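This is what each chain is made of:
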Amino acid sequence: DVPSNWTLEEAASVPVVYSTAYYALIVRGRMQPGETVLIHSGSGGVGQAAIAIALSLGCRIFTTVGSAEKRAYLQSRFPQLNESSFANSRDTSFEQHVLWHTAGKGVDLVLNSLAEEKLQASVRCLAQHGRFLEIGKFDLSNNHPLGMAIFLKNVTFHGILLDLLFEENSTMWQEVSTLLKAGIRDGVVQPLKRTVFPRTQVEDAFRYMAQGKHIGKVVIQVREEEQKAVLHGTKPTQMAALCKTFCPAHKSYIITGGLGGFGLELGHWLVERGAQKLVLTSRSGIRTGYQARQVREWRRQGVQVLVSARDVSSLDGTRSLITEAAQLGPIGGIFNLAVVLRDAMLENQTPEFFQDVSKPKYNGTLNLDRVTREACPELDYFVVFSSVSCGRGNAGQTNYGFANSTMERICEKRRHDGLPGLAVQWGAIADVGLIMELKGTNKTVVGGTLPQRIISCLKVLDLFLNQPYPVLSSFVLAEKAAS
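This structure is a prediction, so every number in the text was calculated from the model and none was measured.

## A word on helix 6 (residues 117-124)
Owing to its 3.6 residues per turn, the α-helix aligns residues three or four sequence positions apart on the same side.
Then step 1. Within the span of helix 6, buried status applies to K118, L119, A121, S122 and V123.
Then step 2. Considering only its buried residues, helix 6 is in contact with helix 5 (93-101), strand 4 (107-112), strand 5 (126-134) and helix 7 (138-141).

Written out as structure tokens, the structure reads:
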């Protein structure tokens, strides 16, 4: 909650920097009252936050700055800092400074954002039992070596990546949140100095930040701040944004053919985007260790997973499936990935082959369309996986092309009626699925397309789900070899 005496502009300068500083110094560094700490780039956002936290614990502080102006600013903001507290961040002279003023002992903690030889010099500033807290990414990303001998001083080295706390269900995040709230309550956390840019000058803001001359935070103002609560019905500010797919946790999501390679990846993707209720259909149920492990892992995370043998190629099967799924929660999305292949050149095709291939795709989609129109008022996504065999044609797959084409026409009709409907014409898919099982390689050229990596497919799907079109296509064109 924003304290009543802060503006939202002031509040915007607080969360990331103080969370980083609390996480680094307290959660990972276990900073104790009275210890010594070296804080690099003290006039930056994290630097100022770290100085405030260290002072609240009565620690002795050394900090580096890059200009006399930044040093003067810090001295006015933190009068507790004296002459010996400051060193230069533009070269490695801080090493001698720190060792001189600690009688050769060094500091208990280093909060580091400097790179290369300055990082090495910072490591040499550690006292015995010291903790090195690395928030710069340069040396980590470039895999630069770090001599092992430093660990003879019984020190620890911590890579601090705040963003990773959001990715796992980490209990540390609660700890950081509690520290931040207590810091606001006790007055340790204070808004930082800000340089504000209007939302029309985002590029200028980044260029300004890249020069490294600013003090505190660079803030983008999206709209003027209201002096009192915004009344319901106030005209919202419209702005261009990057759409992203999210799945409300109370809704259920059906994936027909959900235990196939792409189906399991899609399920994982939906869970990452908030889905907590999955219904996977499969004719044969769980039959591999990998499928079992994936379902077990979801359940361990608290996701409700129903594996159903209902067959959508019959109307009764479809009704039963929708009823089953609706018991978990209102249906938010349906993804039809079911597929049967009966490839043959046209003279060898039979009506039976056409019917086999059409059942999961044509009959299944027709039934899902019919049942969901009545039973699923909260449906956000109705997605079918088509193929370039339909959009472009592929030898030996007339029946598969036909079945996909029928699904696309159903999606067009749904869009025309104001309902969600999307058919994606995929090329070959790499990593998982039918082609990988049949060919066992990512290099196969299929119908002039190279297999598209699954991570790329899911990125494309995210984009497609935010488009208003019923049929979209995604494939990687292969280089044409001279025959």
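Structure shown, so let's carry the discussion forward.
## Side note on the pattern of salt bridges
Then step 1. Taken as a whole and judged by the stated rule, the model has 19 salt bridges.
Then step 2. Close ionic contact of E175 with R30 constitutes a salt bridge, the shortest N to O distance being 3.4 Å. You can see E175 sitting in helix 9 (residues 172-185) and its partner R30 sitting in the loop between helix 2 (15-28) and strand 1 (36-39), a full 145 residues away along the chain.
Then step 3. Residue classification places R30 among the partly exposed positions, given a relative accessible area of 47%.
Then step 4. Between E83 and R71 there is a salt bridge, with the nearest N and O atoms lying 2.7 Å from each other. A residue pair is termed long-range when its members are at least 10 positions apart, and E83 in the loop between helix 4 (68-77) and strand 3 (86-88) and R71 in helix 4 qualify at 12 residues.
Then step 5. Where salt bridges share partners, they join D369, R373, K413, R414 and D417 into one cluster.

## Details of the environment of M209
Then step 1. By secondary structure assignment, the location of M209 is in helix 10 (residues 202-210).
Then step 2. Distance in space between the C-alpha atoms of M209 and R370 is 55 Å, their sequence separation being 161 residues.
Then step 3. Residues contacting M209, with those up to four places away along its chain left out, are H214 and V218.

## A short note on the sheet that holds strand 9 (residues 252-256)
Then step 1. Reading across from one edge, 11-10-9-12-13-14-16 is the order of the seven strands in this open sheet, with parallel pairing throughout. A single partner strand is all that each edge strand has here, and the edge strands are strand 11 (304-308) and strand 16 (471-474). Each adjacent strand pair in this sheet contributes to an overall mean axis angle of 15°, direction not counted.
Then step 2. Alignment of strand 10 (residues 277-281) against strand 11, held across five bridges, turns out to be parallel. Across the sheet, residue L278 finds its bridge partner in strand 11, namely V305.
Then step 3. Contacts from helix 16 (residues 398-416) reach strand 12 (331-336), strand 13 (381-387), strand 14 (422-426) and strand 16 within the one sheet, and its direction differs from that of strand 13 by about 150°.
Then step 4. Packing against the sheet, helix 18 (residues 454-464) makes contact with strand 14 and strand 16, and its axis sits at approximately 150° to strand 14.

## Considerations on the UniProt feature "domain: Ketoreductase" (unreviewed entry) in the chain
Then step 1. Per the UniProt record, the feature "domain: Ketoreductase" (unreviewed entry) sits at residues 251-432.
Then step 2. Span residues 251-432 is 47% helix and 18% strand, its end C-alpha atoms 27 Å apart.

## What about the side chain of Q48?
Then step 1. With respect to the secondary-structure elements, Q48 resides in helix 3 (residues 45-56).
Then step 2. Classification of Q48 as buried rests on a relative accessible area of 0%.
Then step 3. Separated by 3.4 Å, the side chains of Q48 and R77 make a polar contact.
Then step 4. When residues no more than four places from it in sequence are discounted, the contact partners of Q48 are G42, S43, Y73, L74, R77, F78, L192, I215 and G216.

## Some remarks on the sheet that holds strand 2 (residues 60-65)
Then step 1. As summarised here, the arrangement of the six strands in space is 3-2-1-4-5-6, forming an open sheet in which the pairing is parallel. On the outer flanks of this sheet lie strand 3 and strand 6 (156-159), each paired with one strand and no other. When strand polarity is set aside, the average angle formed by the axes of neighbouring strands in this sheet is 20°.
Then step 2. Across four bridges, the pairing between strand 1 and strand 2 is parallel. Note that in strand 2 the partner of T36 across the bridge is R60.
Then step 3. Packing of helix 4 onto the sheet brings it into contact with strand 2 and strand 3, and relative to strand 2 it is tilted by some 150°.

## Describing unusual backbone geometry
Then step 1. In this structure, E116 takes a positive phi of about 55° despite not being glycine.
Then step 2. Residue placement: E116 occurs in the loop between strand 4 and helix 6.
Then step 3. A residue is classified by how much of its surface remains accessible, and E116, at 41% relative accessible area, is partly exposed.
Then step 4. Positive phi values are uncommon outside glycine, yet H129 reaches one of about 65°.
Then step 5. Within the secondary structure, H129 sits in strand 5.
Then step 6. The exposure class of H129 is partly exposed, given its relative accessible area of 48%.

## Some thoughts on the packing of aromatic side chains
Then step 1. Taken as a whole, this structure holds seven aromatic pairs when the rule is applied.
Then step 2. Measuring from ring centre to ring centre gives 4.6 Å for F166 and W173, while their planes differ by 50°; the resulting arrangement is tilted.
Then step 3. Grouping aromatic residues by their ring pairs yields a cluster made of F262, F385 and W426.
Then step 4. Note that R414 overlies the ring of F382, its terminal NZ or CZ placed 3.9 Å from the centroid.

## Some thoughts on the packing of helix 14 (residues 351-375) against helix 16
Then step 1. Where helix 14 contacts helix 16, the axes come no closer than 8 Å and their chain directions differ by 10°. Relative to helix 16, helix 14 is oriented roughly parallel. Across from F353, F354, V357, S358, K361, Y362, T365, L366, D369, T372 and R373 in helix 14, the residues of helix 16 making contact are T398, N399, Y400, F402, A403, N404, T406, M407, I410, K413 and R414.
Then step 2. Per-class residue counts for the contact of helix 14 with helix 16 are 10 nonpolar, seven polar and five charged.

What counts, and at which threshold
Residues numbered from 1 in each chain as written. Predicted model: local features only at pLDDT ≥ 70, side-chain atom pairs only at ≥ 80, totals over all residues. Heavy atoms only, no water. Buried < 20%, exposed > 50% of the residue type's maximum accessible area, 1.4 Å probe, protein only. Helix = DSSP H or I, 4+ residues; strand = E, 2+ residues; numbered from the N terminus. Contact = heavy atoms within 4.5 Å. Salt bridge = Lys/Arg side-chain N within 4 Å of Asp/Glu carboxyl O. Pairing = 2+ DSSP bridges. Axes fitted to C-alpha atoms, helices over the stretch in contact; angles between N-to-C directions. UniProt positions renumbered as here; feature names shortened; annotations may be inferred. Polar contact = N/O pair within 3.5 Å; in protein donor to acceptor, adjacent residues only side chain to side chain. Phe/Tyr/Trp six-rings, centres within 6.5 Å; stacked < 30°, edge-to-face > 60°. Lys NZ or Arg CZ within 6 Å of the ring centre and 35° of its normal. Parallel < 35°, antiparallel > 145°, perpendicular 65-115°, else oblique. Nonpolar A, V, L, I, M, F, W, Y, C, P; charged D, E, K, R; others polar.

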